[in-house]
Amino acid sequence: MSNHYILTLSCHDVAGIVAAVAGFLTENDGFIIESAQFGDPSTGRFFMRSEFVLGEYSCGYKALKQKFGVGVAHHFGMEWQIADTSIKPRVVILVSKYRHCLNDLLHRYSTGALPIEIPCVISNHEDLRELCTWYKIPFIYVPVVKGDKQTQEAKVWEHLEQAQAEVVVLARYMQVLSPMLVSNMAGRCINIHHSFLPSFKGARPYHQAYARGVKLIGATAHYVTNALDEGPIIEQEVVRVDHSNSPEALVALGRDSECLVLARALKYHIEHRVLVNGNKTVVFR
């Protein structure tokens with residue numbers, strides 16, 4: 001929507017933050033349409049998200065950002081941003097062979113349920129080229145040749161830069177990212193995995209779960225860090241199962257959960273509802 005903006009911020013929790021932000025927006029002809037805040041007593045940090053529109057007497061988006069930065073943000077020592085919701089974020093999807101998460105994201109993108117731009121899909125396998133072609137999304141094949149992951153990842157990063165990727169989604173991308181790439185995409189790279197980790201690692205996790213007689217399966221979406229599958233969690237979903245569910249049924253239910261959780265996590269992220277709080281997140285749903 002034009003003239004519609006989202007302010008997100010975090011800082012040390014002290015008195016007067018909400019009043020200062022609301023007062024600033026009022027003084028600059030801003031009308032708040034949604035606002036949420038949270039003070040974490042365990043870390044002493046304060047988090048806030050405010051959606052607002054600007055009236056005809058405002059100084060405009062760019063001037064408003066400058067005034068907020070040198071004024072309220074500087075006074076409270078904030079980490080902050082103001083996003084223009086009329087600009088769709090550029091999201092690049094990395095995938096290997098599993099198609100369920102990619103297909104779900106592309107469907108939501110094509111119907112407008114996810115208001116994003118997808119400049120390309122990057123894969124280390126050719127399997128999903130036809131799917132991307134059907135959705136008219138450029139497909140870039142970057143294989144790992146003779147085990148040379150460093151060269152492959154350098155090419156992936158080159159494509160991400162060319163695509164001006166603001167967000168990277170690992171839609172069952174079965175490669176471990178290097179510390180360099182993780183650092184470059186810190187807070188902007190979202191991964192999905194089954195919730196069994198770290199309980200059921202390696203191949204055929206749902207079959208391992210079946211053998212142990214699990215009663216809950218599900219999925220977890222999180223930001224990527226150098227600790228494999230242990231980054232700040234954005235969203236989770238669980239499904240109750242029992243002895244009558246075959247391994248194949250568990251796989252099907254698990255894939256449904258993965259699709260749902262990944263789509264939710266991406267939507268929360270692009271709507272600026274997720275703020276990182278150390279090893280966890282604050283999610284203003």
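Residues numbered from 1 in each chain as written. Predicted model: local features only at pLDDT ≥ 70, side-chain atom pairs only at ≥ 80, totals over all residues. Heavy atoms only, no water.

Trainee: I'd like to hear about the state of the cysteines, residue by residue, with values.
Mentor: Applying the stated rule across the entire model yields 0 disulfides. For the unlinked cysteine Cys 132, the closest cysteine sulfur is that of Cys 120, found at 9.4 Å. Residue classification places Cys 132 among the buried residues on the basis of a relative accessible area of 0%. (Disulfide = S-S within 2.5 Å. Buried < 20%, exposed > 50% of the residue type's maximum accessible area, 1.4 Å probe, protein only.)

Trainee: An account of the nonpolar core is needed here, citing residue identities and associated values.
Mentor: Judged by nonpolar contacts, the single largest core of 36 residues is most densely connected at Ile 93, Leu 102, Leu 105, Leu 106, Val 121 and Leu 266. Residue assignment for this core shows that the elements contributing at least two residues are β5 (91–95), α3 (100–111), α4 (129–134), β8 (167–170), β9 (189–194), β10 (216–223) and α8 (247–270). Examining the composition of this core, we find that 8 residues originate from one element, α8, more than from any other. Those residues within four positions of Ile 93 in sequence are excluded, and the remaining contacts are Leu 102, Leu 105, Leu 106, Ile 118, Cys 120, Val 121, Ile 122, Val 169 and Ala 171. Core analysis: the second largest hydrophobic core is formed by 20 residues, Cys 120, Val 168, Met 185 and Val 224 among them. (Core = buried A, V, L, I, M, F, W, Y, C linked by side-chain atoms within 4.5 Å. Helix = DSSP H or I, 4+ residues; strand = E, 2+ residues; numbered from the N terminus. Contact = heavy atoms within 4.5 Å.)

Trainee: An account of the layout of surface pockets is requested, with residue identities and associated values reported.
Mentor: Its boundaries defined by the atoms lining it, the largest pocket holds a volume of some 970 Å³. Lining the largest pocket are 33 residues, and of these Gln 81, Ala 83, His 269, Ile 270 and His 272 lie nearest its centre. Secondary-structure elements contributing two or more residues to the lining of the largest pocket are β1 (4–12), β3 (45–54), β4 (79–84), α8 and β12 (274–277). By residue number, the principal contributor to the lining of the largest pocket is β4, which donates 6 residues. Its residues assigned to classes, the lining of the largest pocket shows 17 nonpolar, 8 polar and 8 charged. (1 Å grid on protein atoms, 1.4 Å probe; cavity = no way out; pocket = protein on both sides within 12 Å on 5 of 7 lines; lining within 4 Å. Points joined across faces, edges and corners; volume = space filled by probe spheres on them. Nonpolar A, V, L, I, M, F, W, Y, C, P; charged D, E, K, R; others polar.)

Trainee: Which residues make up unusual backbone geometry, and what values go with them?
Mentor: Positive phi is not limited to glycine here, since Gln 164 has a value of about 55°. Looking at the element boundaries, Gln 164 is found in the loop between α5 (149–162) and β8. Residue Gln 164 is classed as exposed on the basis of its relative accessible area, which comes to 56%. Of note in this structure, His 272 is not a glycine but carries a positive phi near 55°. The topology assignment puts His 272 in the loop between α8 and β12.

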